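Single-letter residue listing:
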Amino acid sequence: MNYKEITWQGLWENNPALVQLLGLCPLLAVTATVTNALGLGLATLLVLIGSNITVSLVREWVPKEIRIPVFVMVIATFVTVIQLLMNAYVYGLYQSLGIFIPLIVTNCAIIGRAEAFASKNPWRRSAYDGLMMGLGFTLVLVVLGGIREVLGNGTLFDGAELLLGDWAAALRIELFAVDYPLLLAILPPGAFIAMGFIIAIKNAIDHYREQRATKPAKEVTRVRVTAQ
Amino acid sequence: MTFKLAASPHSHQRRTTQQVMRWVYLALIPGVMTLIYFFGWGVIWQLLLAIATAWTAEALCMMLRGRPVESAWRDHTALVTAVLLAISIPGFAPWWIIVIGTAFSIIIVKHVYGGVGQNIFNPAMAGYVVLLISFPVQMTSWPLPVQLSQVDLSFLDSAVLIFTGYTPSGYDIEQLRMGADGMTMATPLDSLRTALNHQLTIDEALQQPIFGSFAGLGWQWVNAAFLLGGLVLLKVRVISWHIPVGMLLGLAVPAALAWLFSPDQSVSPVLHLFSGATMLGAFFIATDPVTAATSKRGRLYFGLLIGFLVFAIRTWGGYPDAVAFAVLLANMTVPIIDKYTQPVVYGHGGRT
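Remember, predicted model here, so these are calculated numbers, not experimental data. Every chain is numbered on its own, with residues counted from 1 as its sequence reads. Written order decides the labels, with chains lettered from A and ligands numbered from 1. Only residues with pLDDT of at least 70 get local features here, since the model is predicted, and only at 80 or more are side-chain atom pairs given and counted; chain-wide, interface and lining totals rely on the full set of residues.

**Q** How would you sum up the overall build of chain A? Please name residues and give values.
**A** If you tally the helices and strands in chain A, you get 10 helices and two strands. Numbering goes from the N terminus for both helices and strands, where a helix is a DSSP run of H or I of at least four residues and a strand is a run of E of at least two. Shown N-terminal to C-terminal, the secondary structure of chain A runs as helices and strands in the order α-α-α-α-α-α-α-β-α-β-α-α. The globule rule is 2.2 Å times the number of residues to the power 0.38, and the radius of gyration it is compared with is taken over C-alpha atoms. Since a compact globule built from 228 residues should have a radius of gyration of about 17 Å, the 22 Å found for chain A marks it as more spread out than a globular shape. With C-beta atoms placed from the backbone, a residue is buried if 20 or more other C-beta atoms are within 10 Å of its own, exposed if 12 or fewer are, and partly exposed between those counts. Across the 228 residues in chain A, those meeting the buried criterion constitute 38%. Taking the contacts inside chain A whose residues are at least 6 apart along the sequence as the reference set, 78% of them involve residues at least 24 apart. A pair of residues counts as a contact when their C-beta atoms, built from backbone coordinates, are within 7 Å of each other.

Here is the structure:
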């Protein structure tokens, strides 16, 4: 599998959130705003790269029978590292994501990549696969967070300074003022509905591409040679 | 002599969808008139807004799906959804409430699942729950019955209130909900719940002016009118008795048991039956043929489940009324009910 193929697989064809439908719990729980979504997406991305590299490096020495506990230990280590880093440098975001940072350990997308890709491929490719899968996951999180934040609050990038530092407070865009927020969009049901629509749009695009790719076969018209 | 070959099905439904739906909204008329009489002209404006939104949304969806627009308008199902939603929400709620709710009902609950006959949830109730969860303040601001209200709103005043949030004389909805003593009054079910939470007995709670002779003032007659309409539907066989009877029994029997055991802390069965959306739910909402169970026995269980859920949520839940939640929860159980109540085909299994 070459790098171009890995990119395509991670970002679109085999996107962890849209196609594999893995890691839905954090995906649905924290995407009420773009900032939260981006924060969790980046954390997942870093864990994924780290765990993919490590799993790939130790794959020759891990017996098949106990590989899952080993993978989980590796992932848990990286999650702890990320959690402590977030606690130190982006404390506001750390508090608003809460339990969902430690819960990255249980994100099936990560152990899925360790099992399906990293345990069978050299470390450079595994790292790149982690990057692309993580980016694909983050993209979906951000899109979902954007939809829910616009519908629910009428804003975008609200609280971005928690993640990116004080300058990012200027990123906040107020699209329209809401007197009464559409609570549905912020609550979990809104996440499920918006996620359903995103998956439907992805499938529609795939369907459209497929139709364009398969051109109608040339119709062979035969000349009638026999008399009627 | 010619033998005509006719393709199956050989037995026909006596009515088309359009005729069924026409009966449904004809039977709604007494209830709607009573609602207007007790809660003001706002209901009419909500109905108009809901119908306009439903038709627009329906046409939009049919165009997007590449289907003929006229056929959707002709079967009247969108109209019934719109009417049910419009009479479920408070009469003077701002205009965007009913527009968002109806659009959600038609576009997401009905057409995303495949249009008429394909939806697994009752569109009107799903729209109602979306509104109730998203805009709790507006959705619980029920106007006072006219007998208690301090301000009389004309037909046009109601429109101004719905579209701008204020009446021409400057009252907002909160002020309209105040009684003579300047206190905001809740709906009967709501004030019963509050009273019970404050350690009052039911008899003390019933002293409030919001209660009439046997249930909430106004609400009792609204429910009675929906009961009347529902009986008409039963008489002309648009609906069968299984769901309404099941639902009313499912609500009344547990309520009666609780009431017999502790009459001071339980709402009486009569009050349960004639409060909130009980009758509307039993005869018009739960009987939706698409989202209800299929077999007759299944429908009886379906109704019983809704009734019991209404009782449970009213008694122990977080919301004063529960018909919408109960109907949606029961909709989810329909596949299981259908699986276990499938009638045995003649000659296959069963008792010998």
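**Q** Can you explain the overall build of chain B? Please cite residues and give values.
**A** When its secondary structure is counted, chain B shows 17 helices and zero strands. Taken over C-alpha atoms, the radius of gyration comes to 21 Å for chain B, in line with the 20 Å a tight globule of 352 residues would show. C-alpha extents for chain B along the principal axes are approximately 80 × 50 × 35 Å. Here chain B, with 352 residues, has 47% of them falling under the buried criterion.

**Q** Would you mind going over the interface of chain B and chain A in detail, with residue names and values included?
**A** At the junction of the two partners, chain B supplies five residues and chain A supplies six residues. The element that contributes the greatest number of residues to the side of chain B that touches chain A is helix α6 (residues 123–134) of chain B, accounting for three residues. Side-chain classes are defined by residue name, with Ala, Val, Leu, Ile, Met, Phe, Trp, Tyr, Cys and Pro counting as nonpolar, Asp, Glu, Lys and Arg as charged, and the others, Gly among them, as polar. A breakdown of the residues in the side of chain B that touches chain A according to their chemical character gives four nonpolar, one polar and no charged.

**Q** Residue-level account of unusual backbone geometry, with values.
**A** Residue and element names in this part refer to chain B. Despite not being glycine, Q199 has its phi angle at roughly 65°, a positive value. Residue position: Q199 is located in the loop between α10 (188–197) and α11 (202–205). Classification of Q199 as exposed rests on a count of 8 C-beta atoms within 10 Å. Here the phi dihedral of R237 falls at roughly 60°; this positive angle occurs in a residue that is not glycine. Along the chain, R237 turns up in the loop between α12 (219–235) and α13 (242–261). According to the C-beta neighbour criterion, R237 is exposed, with 11 such atoms within 10 Å.

**Q** Can you lay out the UniProt feature "transmembrane region" (unreviewed entry) in chain B for me, pointing to particular residues and giving the numbers?
**A** All names here are of chain B. UniProt positions are given in the numbering used here, feature names are shortened, and annotations may be inferred rather than shown by experiment. When the UniProt feature table is mapped onto this chain, "transmembrane region" (unreviewed entry) is found at residues 20–38, 71–89, 125–144, 210–234, 241–261, 267–286 and 298–316. Across residues 71–89, the secondary structure splits into 84% helix and 0% strand, with the terminal C-alpha atoms separated by 28 Å. The span residues 298–316 is 100% helix and 0% strand, and its two end C-alpha atoms sit 26 Å from each other.

**Q** Quick one: what's the story with the UniProt feature "transmembrane region" (unreviewed entry) in chain A, residue by residue and with numbers?
**A** Residue and element names in this part refer to chain A. This chain's UniProt record puts "transmembrane region" (unreviewed entry) on residues 20–49, 70–91, 97–114, 126–147 and 180–201. With 73% helix and 0% strand, the stretch residues 20–49 has end C-alpha atoms that lie 18 Å from each other. The span residues 97–114 carries 44% helix and 0% strand; its end-to-end C-alpha distance comes to 24 Å.

**Q** Describe the domain arrangement of chain B, and please don't skip the residues or the numbers.
**A** All names here are of chain B. Throughout, the edges of the domains are those of an automatic or database domain assignment. With domains assigned, chain B is organised as domain 1 (41–142 + 149–184) and domain 2 (186–339). Put simply, the middle of domain 1 and the middle of domain 2, counted by C-alpha atoms, are 22 Å apart. Taken residue by residue, the interface counts 15 residues in domain 1 and 13 residues in domain 2. Elements supplying a minimum of two residues to the side of domain 1 that touches domain 2: α4 (77–88) and α6. Counting residues per element, the side of domain 1 that touches domain 2 draws most heavily on α6, at six residues. Residues belonging to the side of domain 1 that touches domain 2 are distributed by class as follows: 10 nonpolar, five polar and no charged.

**Q** So, helix α1 (residues 17–39) of chain B: which residues are in play, and what are the values?
**A** All names here are of chain B. Take the number of residues in a helix, subtract one, and multiply by 1.5 Å to get its expected span. Look at α1: 31 Å from first C-alpha to last across 23 residues, which is about the 33 Å you get at 1.5 Å a residue. Where α1 bends most, the angle comes to about 40°, and this point is I29, followed within four residues by the proline P30. Residues of α1 that are buried include every one of V20, M21, V24, A27, L28, G31, V32, T34, L35, F38 and F39, and no others. Buried residues belonging to α1 abut α2 (42–64), α4, α12 and α15 (278–285). Positive backbone phi, approximately 95°, marks G40, located one or two places after α1. Two axes enter the definition of the bend at a residue: one is fitted to the seven residues ending there, the other to the seven starting there, and the bend is the angle between them.

**Q** Describe the nonpolar core, with residues and values.
**A** By our criterion, buried Ala, Val, Leu, Ile, Met, Phe, Trp, Tyr and Cys residues that link up through C-beta atoms within 7 Å make up a nonpolar core. In this structure, V83, F302, I306 and V327 of chain B are the most contacted members of the largest nonpolar core, which totals 106 residues. Broken down by element, this core gets its largest block of residues, 10 residues, from helix α16 (residues 296–316) of chain B. Counting residues domain by domain, this core receives three or more from each of domain 1 (41–142 + 149–184) and domain 2 (186–339) of chain B. The contacts of F302 of chain B, once residues within four sequence positions are left out, are I243, G246, A292, A293, A330, V334 and I337 of chain B. Membership of the second largest hydrophobic core comes to 50 residues, among which are A32, I49, L93 and L144 of chain A.

**Q** Can you break down the environment of R209 of chain A residue by residue, with the values?
**A** Considering the arrangement of structural elements, one finds R209 of chain A in helix α10 (residues 188–213). For the pair R209 of chain A and N153 of chain A, spaced 56 residues apart in sequence, the C-alpha to C-alpha distance is 35 Å.

**Q** Give me the packing of α12 of chain B against α15 of chain B: which residues, what numbers.
**A** All names here are of chain B. Axis lines are fitted through C-alpha atoms, for helices just across the contact stretch, and the angle between N-to-C directions can take any value from 0 to 180 degrees. Contact geometry of α12 with α15 gives a least axis separation of 8 Å together with a crossing angle of 15°. With respect to each other, α12 and α15 are oriented roughly parallel. Handedness of the α12/α15 crossing: left-handed. In this structure, α12 uses N223, F226, L227, G229, G230 and L233 to contact α15, whose residues at the interface are T278, M279, L280, A282, F283 and F284. Taken together, the residues of the contact of α12 with α15 sort by class into eight nonpolar, four polar and no charged. Should an angle lie under 35 degrees it is considered roughly parallel, over 145 roughly antiparallel, and from 65 to 115 roughly perpendicular; all remaining angles are considered oblique. Here a crossing is taken to be left-handed if its near helix is turned anticlockwise relative to the far helix by less than a right angle, and right-handed if that turn runs clockwise.

**Q** Can you explain the packing of helix α3 (residues 34–58) of chain A against helix α4 (residues 67–89) of chain A? Please cite residues and give values.
**A** Residue and element names in this part refer to chain A. Two numbers describe how α3 lies on α4: the axes approach to 9 Å, and their chain directions differ by 140°. Judged by the inter-axis angle, α3 sits oblique to α4. For the element pair α3 and α4, the recorded crossing hand is right-handed. Along its contact with α3, which presents A43, L46, V47, G50, S51, T54 and V55, the element α4 presents F71, V74, I75, F78, V79, I82 and M86. The residue makeup of the contact of α3 with α4, split by class, is 11 nonpolar, three polar and no charged.

**Q** Any details on the UniProt feature "modified residue: FMN phosphoryl threonine" (unreviewed entry) in chain B? Residues and values, ideally.
**A** Residues and elements named next belong to chain B. Taken from the UniProt record, the annotation "modified residue: FMN phosphoryl threonine" (unreviewed entry) applies to T187. Mapped onto the elements, T187 comes out in the loop between α9 (173–176) and α10. By C-beta crowding, T187 is classed as buried, having 23 other C-beta atoms within 10 Å. Those residues in contact with T187 that sit more than four places away from it in its chain are W142, G216 and P320.

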